There are 2 protein chains.
Amino acid sequence: MNSRIMARLATAALVLLLSFASAAIAQDPLPSWNDGPTKQGIISFVAKVTKEGSPDFVPPAERIATFDNDGTLWAEQPMYFQLLFAIHRVGVLAPEHPEWKDKEPFASLLKGDVKVALAGGEPAIVQIFMQTHAGMTTDEFEKLVEDWIATAKHPVTKRPLTEMVYQPMLELLAYLRANGFKTFIVSGGGIEFMRPWTEKVYGVPPEQVVGSSIKTKFELQGGKPVLVRLPEINFIDDKTGKPVGINQHIGRRPIAAFGNSDGDLQMLQYTAGGPGARFCLLVHHDDGEREFAYGAESKIGTFSDSLMSEAKGKGWTVVSMKNDWKTIFAFEKN
Amino acid sequence: MNSRIMARLATAALVLLLSFASAAIAQDPLPSWNDGPTKQGIISFVAKVTKEGSPDFVPPAERIATFDNDGTLWAEQPMYFQLLFAIHRVGVLAPEHPEWKDKEPFASLLKGDVKVALAGGEPAIVQIFMQTHAGMTTDEFEKLVEDWIATAKHPVTKRPLTEMVYQPMLELLAYLRANGFKTFIVSGGGIEFMRPWTEKVYGVPPEQVVGSSIKTKFELQGGKPVLVRLPEINFIDDKTGKPVGINQHIGRRPIAAFGNSDGDLQMLQYTAGGPGARFCLLVHHDDGEREFAYGAESKIGTFSDSLMSEAKGKGWTVVSMKNDWKTIFAFEKN
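Residues numbered from 1 in each chain as written. Chains lettered and ligands numbered in written order. Predicted model: local features only at pLDDT ≥ 70, side-chain atom pairs only at ≥ 80, totals over all residues. Heavy atoms only, no water.

Participant: Before we move on, could you go through the overall build of chain A and cite the residues and values that matter?
Facilitator: A tally of helices and strands in chain A yields 13 helices and seven strands. Taken as a whole, chain A presents about 14700 Å² of accessible surface, with 56% of it coming from carbon and sulfur. (Helix = DSSP H or I, 4+ residues; strand = E, 2+ residues; numbered from the N terminus. Areas by Shrake-Rupley, 256 points an atom, 1.4 Å probe, with all protein chains shown as cover.)

Written as structure tokens, this is what we have:
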């Protein structure tokens, strides 16, 4: 083939492929979202930042979208799921720690009384995490999480935890990626707790997960190079930590951010503060029938009145799970 | 069009595109590398990990390759280039710091005597970096780096610093990416010093750059959300820090790693320590005519005798710049 014919054939092939692509896009990309201003707002934003020549156009490399995890991509009630993992680990490790029988917060956890165990607040939680999340290699920890999440069930719905993800958010992640966005998780949860399953569940690879972490140390164990997890906090990816974590890991300011609580405020402020078109969204848990209704009065995952008024003042989108979401969990459909 | 015809046309279009792709691959992907065991080793490794059904096959998502920067992707003599930036900043800031005239290491730097200034070792270097790299927002720092690197010239060759990159390594980065690898920089240099230009120069976007960092703090400055750079070390991405930084940012063990000094040893050990096919390479600066010849006796960017013997013992590839590289810098060609 000469190069002119090759070039023409290549062009023809590309036009053909693009026509299939646009046919696919013509279908509703967000079928679990009810029609209305929320869904329309998302679609308008994506349309304007992806339209070449538009004043709001953003090159693909800068289409960074960040998502909180607990309460934004999957449920976080009756308690955030990493705590379920930690409690499970306390049970497994208890035989090696006879002293836990008389020592809080472990004593109450072993009796099944989570509320009393957590009454100790932040210090109690840190103790639980340091005892259950440190002291092994990163490879060993990954295996522990993988094995646990393969069978872990939600205490109320009895569904696998990996099914407690919001179908509308899965569609949103896929829709953004189909439009050239790079989707990141930016969560207060443990980075190494999320990475073993985020690719399978959300399509987000480990290198696009930002989270809280403990310190690790490089060691040669019998000649084998490993990273050992130390009982020392490295970084808390929450509140003012979220913009810091975003800058550290991504190095670009997102143009879209998605959260559900006061812990996401600074990530949304940081996202909104850049030049050009921006999109900020908060998921409000107002559907007590299909999910869990909670707000300012809840201990975990708060959505305070002041967050709601900041969102309204700034024109951020607030999702009413009750009104905006046709389906919440994929398993409802069956 | 009915769907059967559409499917056939799509298949035809794909076959056509793939044939162009394979025609492109048939050309030598590493034209600046001389034929020989080094080049052959790279090509054999890529062939076996990308061949589906091969026992060494690695899925694209796990094809992580990490590259040191100074002395591996671009030159680092007569001193690493971030130090040139710091010295430039000392000059710019000097009028605001009359006390520097009598205070080391600044006094010597202002007199142009870098050697005396650096005689203070690590503490002197930390002082220079804290004074020149902190105290502004991340956006302001990015602009400082961008403006500087747009005109900065190499003190010996007088070439723009962004031309002091190794042509064979640019080809290697492109070759790996064309084979489904994700290429990361993992450098002892400052993460925010590299990010403003790595995409343009190496094709590596900011989110794929791992480096040393100082702490940052989220603030609302007159309502504007910014990150302020603080004069406090956050992380040193060198030696045992490299595997830690890789795990923190990427969350997967690389299958290929590229370095040039003792600071890269643990990254190479960590890479080599995983299961399956692995590729580790060290660039040896043995070409005093076309570049700079330096080894164990050099203060900066050491390649010690013990590193050389570890490389030989482990079967890692050692590049002789003199013998393995046809071209070192792209500008030589002219």
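Participant: Please set out the sheet that holds strand β5 (residues 256-259) of chain A residue by residue, giving values where relevant.
Facilitator: If you trace the seven strands from one edge of the open sheet to the other, you get β4-β3-β2-β1-β5-β6-β7 (chain A), paired in mixed fashion. The strands lining the two open edges of the sheet, one partner per strand, are β4 (224-235) and β7 (317-320) of chain A. For this sheet, the mean inter-axis angle between neighbouring strands, taken without regard to orientation, is 30°. Pairing of strand β1 (residues 64-67) of chain A with β5 of chain A involves three bridges; the strand directions are parallel. Along β5 of chain A, the bridge assignment pairs A65 of chain A with A256 of chain A. Packing against the sheet, helix α10 (residues 241-249) of chain B makes contact with β3 (209-221) and β4 of chain A, and its axis sits at approximately 150° to β3 of chain A. (Pairing = 2+ DSSP bridges. Axes fitted to C-alpha atoms, helices over the stretch in contact; angles between N-to-C directions. Contact = heavy atoms within 4.5 Å.)

Participant: Which residues make up unusual backbone geometry, and what values go with them?
Facilitator: Residue and element names in this part refer to chain A. Note the cis peptide between E104 and P105, where omega equals 5°. With respect to the helices and strands, the residue P105 is situated in the loop between α3 (81-93) and α4 (106-110). With a phi angle near 55°, K239 is a residue other than glycine that sits in the positive phi range. The topology assignment puts K239 in the loop between β4 and α10 (241-249).

Participant: An account of the sheet that holds strand β2 (residues 182-190) of chain B is needed here, citing residue identities and associated values.
Facilitator: All names here are of chain B. One open sheet holds the seven strands; their spatial order is β4-β3-β2-β1-β5-β6-β7, and the pairing between them is mixed. In the strand order of this sheet, the two ends are held by β4 (224-235) and β7 (317-320), each with one partner. With strand direction ignored, the average angle separating the axes of adjacent strands in the sheet is 30°. As paired strands, strand β5 (residues 256-259) and strand β6 (residues 279-284) are joined by four bridges and run parallel to one another. Of the residues in β6, the one forming a bridge with A257 is C280.

Participant: Requested: an account of the interface of chain B and chain A, with residues and values cited.
Facilitator: Listed as interface residues are 42 residues of chain B and, on the opposing side, 41 residues of chain A. Summed over both partners, the interface of chain B with chain A buries about 3800 Å², with 57% contributed by carbon and sulfur atoms. Measuring nitrogen to oxygen at the nearest pair gives 2.9 Å for the salt bridge that ties K182 of chain B to E207 of chain A. In this structure, the connection of chain B to chain A is made through 22 residue pairs in polar contact (both at pLDDT 80 or more). Counting only elements with at least two residues in the side of chain B that touches chain A, the list comes to α1 (3-26), α7 (138-149), β2, α9 (191-202), β3 (209-221), β4, α10 and α11 (265-272) of chain B. Counting residues per element, the side of chain B that touches chain A draws most heavily on α1 of chain B, at eight residues. Its residues assigned to classes, the side of chain B that touches chain A comprises 21 nonpolar, 13 polar and eight charged. (Buried area = accessible area lost by both parts, 1.4 Å probe. Salt bridge = Lys/Arg side-chain N within 4 Å of Asp/Glu carboxyl O. Polar contact = N/O pair within 3.5 Å; in protein donor to acceptor, adjacent residues only side chain to side chain. Nonpolar A, V, L, I, M, F, W, Y, C, P; charged D, E, K, R; others polar.)

Participant: Could you give an account of the relation of the copies chain B and chain A, with specific residues and numbers?
Facilitator: The operation relating the two chain copies consists of a rotation about an axis and a shift along that axis. Between chain B and chain A, the superposition needs a rotation of 180° and an axial shift of 0.0 Å, giving an RMSD of 0.0 Å. The operation mapping one copy onto its partner corresponds to a two-fold rotation axis. Comparing interface residues between copies, 98% of those in chain B also sit at the interface in chain A, which points to an isologous, same-surface contact. (Least-squares fit on C-alpha atoms with pLDDT ≥ 70 in both.)

Participant: Would you mind going over the pattern of salt bridges in detail, with residue names and values included?
Facilitator: Where charged atoms of side chains with opposite charge meet at close range, the side chains can pair. The full count for this structure, using the stated rule, is 30 salt bridges over all chains. With a shortest N-O distance of 2.8 Å, K39 of chain A and D28 of chain A are connected by a salt bridge. Residue K39 of chain A is located in helix α2 (residues 37-50), and its partner D28 of chain A is located in the loop between α1 (3-26) and α2; the two are separated by 11 residues in the primary sequence. Taking the relative accessible area as the measure of exposure, K39 of chain A reaches 5% and is therefore buried. Classification of D28 of chain A as partly exposed rests on a relative accessible area of 41%. One salt bridge connects K239 of chain B with D238 of chain B, and the closest N-O pair in it is separated by 3.8 Å. Classification of K239 of chain B as partly exposed rests on a relative accessible area of 44%. Looking at D238 of chain B, the relative accessible area reads 28%, which means it is partly exposed. Connected through shared salt-bridge partners, K182 and R252 of chain A together with E199 and E207 of chain B make up one network. (Buried < 20%, exposed > 50% of the residue type's maximum accessible area, 1.4 Å probe, protein only.)

Participant: How would you explain the packing of α3 of chain A against helix α6 (residues 121-133) of chain A if you had to name every residue and give the values?
Facilitator: Residues and elements named next belong to chain A. Orientation of α3 relative to α6, taken along the N-to-C sense of each, is 60°, at an axis distance of 9 Å. Our classification of the angle between α3 and α6 gives oblique. α3 and α6 meet at a crossing whose hand is left-handed. Contacts between α3 and α6 involve Q82, L83, F85, A86, R89, V90 and L93 on the former and, on the latter, I128, F129, Q131, T132 and H133. (Parallel < 35°, antiparallel > 145°, perpendicular 65-115°, else oblique. Left-handed = near helix turned anticlockwise from the far one by under 90°.)

Participant: A description of the side chain of S187 of chain A should follow, citing residues and the corresponding values.
Facilitator: All names here are of chain A. You can see S187 is positioned in strand β2 (residues 182-190). At a separation of 2.8 Å, a polar atom in the side chain of S187 contacts the main-chain amide nitrogen of G189. Ignoring anything within four residues of it in the chain, the contact list for S187 reads D68, N69, D70, M194, V210, G211, S212, D237 and K242.

Participant: If you had to explain the environment of H285 of chain A to someone new, which residues and values would you point to?
Facilitator: All names here are of chain A. Looking at where H285 falls in the secondary structure, it is placed in the loop between β6 (279-284) and α12 (305-314). Considering only alpha carbons, one finds H285 and N260, 25 residues apart in sequence, at a separation of 8.1 Å. What H285 contacts, discounting residues up to four positions off in sequence, is G71, Y166, N260, E291, F292, A293, Y294 and M321. In this structure the side chain of H285 is engaged in a polar contact, spanning 2.8 Å, whose partner is the side chain of E291.

Participant: Summarise α11 of chain B; cite the residues concerned and give the values.
Facilitator: With seven of its eight residues buried, α11 of chain B lies for the most part within the structure. Three or more residues of α11 of chain B are buried, namely L265, Q266, M267, L268, Q269, Y270 and T271 of chain B.

Participant: Describe in detail the packing of helix α7 (residues 138-149) of chain A against helix α9 (residues 191-202) of chain A, supporting the description with residues and values.
Facilitator: All names here are of chain A. In the contact formed by α7 and α9, the axes pass within 9 Å of each other and the chain directions differ by 60°. Judged by the inter-axis angle, α7 sits oblique to α9. Taken as a pair, α7 and α9 cross one another with a handedness that is right-handed. On α9, the residues touching T138, F141, E142, V145, E146, W148 and I149 of α7 are E192, F193, P196 and W197.

Participant: Could you give an account of the packing of aromatic side chains, with specific residues and numbers?
Facilitator: The full count for this structure, using the stated rule, is 34 aromatic pairs over all chains. Here the aromatic rings of W148 of chain B and F193 of chain B are separated by 5.9 Å at their centres, their planes lie at 45°, and the arrangement is tilted. Here the residue W148 of chain B occupies a position in helix α7, and F193 of chain B occupies one in helix α9, the gap between them amounting to 45 residues. Of the two residues, W148 of chain B and F193 of chain B, both sit in the buried class. Look at Y166 of chain B and W325 of chain B: their rings are 5.5 Å apart centre to centre, the planes differ by 50°, and that puts the pair in the tilted class. One end of the pair, Y166 of chain B, is in the loop between α7 and α8 (167-178); the other, W325 of chain B, is in the segment after α13 (321-324), and 159 residues separate them in sequence. The rings of W74, F81, F85, F141, W148, F193, W197 and Y202 of chain A are connected pair by pair, giving a single aromatic cluster. (Phe/Tyr/Trp six-rings, centres within 6.5 Å; stacked < 30°, edge-to-face > 60°.)

Participant: How would you summarise the pairing of β4 of chain B if you had to cite specific residues and measurements?
Facilitator: Residue and element names in this part refer to chain B. Pairing analysis gives eight bridges linking β3 to β4, with the strands arranged antiparallel. Across the sheet, L220 pairs through a bridge with P225, a residue of β4. Joining the antiparallel neighbours β3 and β4 is a turn of two residues, in which G222 adopts a positive phi near 55°.

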